[in-house]
Each structure stands twice: as structure tokens, then as C-alpha cells.
Amino acid sequence: WSMLNVPAARTPAAILFMSIRVCMAMAFHIFQTIWTASLKSRFDFGPADHGKFMSFIGLTYALSQGFVAKYLLQAFGANTPKDRVRVVLACCAALGLGRYVAFETNSLVVVYAMFGLIVTALGVVNTVLTADTSRLASSEEIGGVFGILAAVENAAGMLGPILGGLLAYIHPIRAPLLAVVGLYVVVFALVWWGYERLVLKSHEKQAAKTK
């Protein structure tokens with residue numbers, strides 16, 4: 001019901017963001033249902049191996065948000081709206097393709113390389129999405145918009161593992177994996193179709209209101 005009290009959350013741009021966030025969250029949680037077992041079966045991962053892997057992910061994510069995102073956007077995404085969309089599309093492609101390759105390879109080096117790419121892309125795309133979301137509404141409404149986005153992401157976090165388990169009845173590996181790739185294809189299509197025309201155009205309208 002909170003959405004009814006936040007008009008900015010009912011705009012096409014906000015709905016696009018919700019759709020993107022839900023698809024990304026669902027993809028992440030479905031992937032987790034098969035990823036840990038895959039590491040164990042391919043590389044005999046134990047607690048120490050998981051600790052090193054998660055430390056690598058944490059460090060890479062921190063660097064991607066703290067440094068890489070800023071320089072990538074300055075170099076490739078700051079000139080025109082189309083450039084910004086291209087950066088987001090590249091990140092979406094890296095997330096989907098990287099997860100698929102990391103799951104299929106039998107080389108631990110390739111797994112680390114792919115997750116370096118995945119986590120960097122995730123840090124960049126989250127930085128862009130958060131920055132662009134903050135410009136969708138006035139200061140009175142933006143807190144409500146972020147709250148609703150967090151709520152739908154949390155809902156996707158609950159549904160993702162359930163869906164992953166149901167897909168496993170179709171095929172224990174292929175069905176969840178293809179669902180993950182398919183969700184990133186949906187995200188790619190949403191960004192390609194609507195990011196510039198809905199989100200960036202909304203920024204222009206919001207800026208005009210504040211003048």
C-alpha cells in the first residue's frame with residue numbers, strides 16, 4: 001500500500017527500475033541454489049576455499065564501487081545518454097555471460113576471472129542504478145521510492161530460492177542455469193528498450209521542475 005502514497009514510485013521510470021531490480025535479484029538467488037554445490041563437485045571446495053573466494057568477491061566489489069565505477073563512467077558513460085545506456089548494457093551482458101562461463105568451466109582460474117568481471121560489473125551497475133534512481137523524485141518522495149525498491153528486492157530474494165528449487169524438478173542444473181541467463185536477457189532488453197526513453201528523459205523533466 002505504500003506505493004499508493006508515493007506517486008513517484010508509480011512512474012514508468014520507477015516501474016522500470018523495479019522490474020530491473022527484481023530480475024537481477026531473482027537471477028542472483030536462483031544461481032545461488034546451484035552454485036555452492038557446483039564448486040564442491042568441480043573443485044572440492046571446503047570452508048577455507050569459500051572464505052578466500054568470498055574475500056576476493058568482497059574486495060573486488062568494494063573496489064568496483066569505490067574506484068572502477070567512477071572511472072568507467074567518466075571514460076565511457078558521461079558524454080551522452082546513449083553512452084550511459086551502453087555502460088549499463090555491457091554490465092548486464094557481463095553478469096549473464098560471466099555466470100554462465102563460471103558455471104561451465106573446469107578451471108578455477110577462469111572462475112576467479114569471471115567473478116572478478118561479474119562483481120565489477122555488479123558494482124558499476126549498482127552505482128549507476130542508485131545514482132539514477134535518486135534523481136527520479138523530489139527530496140520528499142525519494143526515501144519512499146528507495147524503500148519500495150528495497151521491498152521488491154527482498155520479495156525477489158524470498159521467491160528466488162523457491163523458484164530455483166522448483167526449476168530443479170525440471171532439470172537439477174540446466175533449468176536453473178538457463179533461468180538465470182534468461183533473466184539477464186530480460187534485464188538487457190529492459191535497459192535497451194526503456195532506460196534512455198524512460199529514466200533519462202525523466203531526469204530531464206525532474207530537472208525542469210526544480211528550475
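Small disclaimer: the values here were computed from a predicted structure and weren't measured. (Residues numbered from 1 in each chain as written. Predicted model: local features only at pLDDT ≥ 70, side-chain atom pairs only at ≥ 80, totals over all residues. Heavy atoms only, no water.)

### What to know about the packing of aromatic side chains
Right, on to step 1. Within the structure shown, the criterion is met by eleven aromatic pairs.
Right, on to step 2. Ring geometry for Phe 53 against Phe 115: centres 5.1 Å apart, planes inclined by 70 degrees, an arrangement best described as edge-to-face. On the criterion of sequence distance, the pair formed by Phe 53 in helix 2 (residues 47-77) and Phe 115 in helix 4 (residues 108-133) is long-range, its members being 62 residues apart. Per residue, the accessibility class of Phe 53 equals that of Phe 115, and both read buried. (Phe/Tyr/Trp six-rings, centres within 6.5 Å; stacked < 30°, edge-to-face > 60°. Helix = DSSP H or I, 4+ residues; strand = E, 2+ residues; numbered from the N terminus. Buried < 20%, exposed > 50% of the residue type's maximum accessible area, 1.4 Å probe, protein only.)

### Regarding the confidence of the model for the protein chain
Right, on to step 1. In this model, the protein chain carries a mean pLDDT of 89, and residues with pLDDT of at least 70 account for 92%.
Right, on to step 2. For the protein chain, per-element mean pLDDT is lowest for helix 6 (residues 174-210), which scores 85, and highest for helix 1 (residues 12-43), which scores 95. (pLDDT = per-residue confidence, 0-100.)

### A few points about the environment of Asp 49
Right, on to step 1. One can find Asp 49 in helix 2.
Right, on to step 2. For the pair Asp 49 and Leu 39, spaced ten residues apart in the sequence, the C-alpha separation amounts to 9.6 Å.
Right, on to step 3. Among residues more than four places away in sequence, those in contact with Asp 49 are Asp 44 and Tyr 112. (Contact = heavy atoms within 4.5 Å.)

### Some words on the side chain of Asp 83
Right, on to step 1. Considering the arrangement of structural elements, one finds Asp 83 in helix 3 (residues 81-104).
Right, on to step 2. Residue class for Asp 83 comes out buried when judged on its relative accessible area of 15%.
Right, on to step 3. Among the polar contacts listed, one links the side chain of Asp 83 to the side chain of Arg 86, at a separation of 2.8 Å. (Polar contact = N/O pair within 3.5 Å; in protein donor to acceptor, adjacent residues only side chain to side chain.)

### Section: the nonpolar core
Right, on to step 1. Ranked by size, the top nonpolar core spans 65 residues in total, and within it Ile 20, Trp 35, Phe 115, Val 191 and Tyr 195 carry the most contacts.
Right, on to step 2. Elements supplying a minimum of two residues to this core: helix 1, helix 2, helix 3, helix 4, helix 5 (142-170) and helix 6.
Right, on to step 3. Residue contributions to this core peak at 17 residues, all from helix 1.
Right, on to step 4. Aside from chain neighbours lying at most four places away, what touches Phe 115 is Phe 31, Trp 35, Phe 53, Phe 56, Ile 57, Arg 99 and Ala 102. (Core = buried A, V, L, I, M, F, W, Y, C linked by side-chain atoms within 4.5 Å.)

### Observations regarding the state of the cysteines
Right, on to step 1. Throughout the structure, instances matching the rule amount to zero disulfides.
Right, on to step 2. Of the cysteine sulfurs around Cys 23, a residue in no disulfide, the closest is that of Cys 92, at 10 Å.
Right, on to step 3. On the basis of relative accessible area, Cys 23 is assigned to the buried category, the value being 12%.
Right, on to step 4. The closest cysteine sulfur to the non-disulfide-bonded Cys 92 is located on Cys 91, 7.0 Å from its own sulfur.
Right, on to step 5. Judged by relative accessible area, which is 3%, Cys 92 ranks as buried. (Disulfide = S-S within 2.5 Å.)

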